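# Structural overview
So the chains spell out like this:
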Amino acid sequence: MTQHAAQANQGHRYQYGEKDVLAMQSGVVVEVREIDPNEPWLGKSWTVKASWLTPKPMRYFHGELPK
């Protein structure tokens, strides 16, 4: 079963559909920006409900899902 975020945390990585995104703020409804591994800059931004996001492992947390 996929775990979705009740609240997103600023700077954390998430999966949104087929896209990897970075939360630009913390909260229940947040702005996210697409992470494109082929581009050095973050992509377009949009606003989503945190419940639509799936947490992704992060290097900062040694490959674990942040809490």
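Here's a quick rundown of the structure. (Residues numbered from 1 in each chain as written. Predicted model: local features only at pLDDT ≥ 70, side-chain atom pairs only at ≥ 80, totals over all residues. Heavy atoms only, no water.)

Moving on, we get to the packing of aromatic side chains. On inspection of all chains with the given rule, the structure shows one aromatic pair. Note on Tyr16 and Trp46: the rings are 5.9 Å apart at their centroids and 50 degrees apart in plane angle, and the pair reads as tilted. Here Tyr16 is found in strand β1 (residues 13-16), whereas its partner Trp46 is found in strand β4 (residues 45-49), with 30 residues between them in sequence. Here Tyr16 falls in the partly exposed class, since its relative accessible area comes to 26%. (Phe/Tyr/Trp six-rings, centres within 6.5 Å; stacked < 30°, edge-to-face > 60°. Helix = DSSP H or I, 4+ residues; strand = E, 2+ residues; numbered from the N terminus. Buried < 20%, exposed > 50% of the residue type's maximum accessible area, 1.4 Å probe, protein only.)

A word on the nonpolar core. Ranked by size, the top nonpolar core spans 10 residues in total: Ala8, Tyr14, Val21, Ala23, Val30, Val32, Trp46, Val48, Ala50 and Leu53. For this core, the secondary structure elements donating two or more residues are β2 (19-23), β3 (29-34) and β4. Not counting chain neighbours up to four residues away, the residues in contact with Val48 comprise Tyr16, Val28, Val29, Val30, Val32 and Leu53. (Core = buried A, V, L, I, M, F, W, Y, C linked by side-chain atoms within 4.5 Å. Contact = heavy atoms within 4.5 Å.)

Applying the stated criterion to the full structure yields three salt bridges. Here Glu34 makes a salt bridge to Lys19, at a shortest N to O gap of 3.8 Å. Remark: Lys19 occurs in strand β2 and Glu34 occurs in strand β3; sequence separation between them is 15 residues. Taking relative accessible area as the criterion, Lys19 reaches 32% and is therefore assigned partly exposed. Lys56 serves as the salt-bridge partner of Asp20, at 2.9 Å between the closest nitrogen and oxygen. (Salt bridge = Lys/Arg side-chain N within 4 Å of Asp/Glu carboxyl O.)

Strand order in the open sheet formed by five strands is β4-β3-β2-β1-β5, and the pairing between neighbours is antiparallel. The sheet is open, and its two edges are formed by β4 and β5 (54-55), each paired on a single side. For β2 and β3, the ladder comprises three bridges, and the chain directions are antiparallel. When the sheet's bridge partners are listed, Leu22 is paired in β3 with Arg33. (Pairing = 2+ DSSP bridges.)

Okay, the environment of Gly17 next. Here Gly17 shows up in the loop between β1 and β2. The exposure class assigned to Gly17 is exposed, which follows from its relative accessible area of 56%. With 35 residues separating them in the primary sequence, Gly17 and Trp52 have C-alpha atoms 8.4 Å apart.

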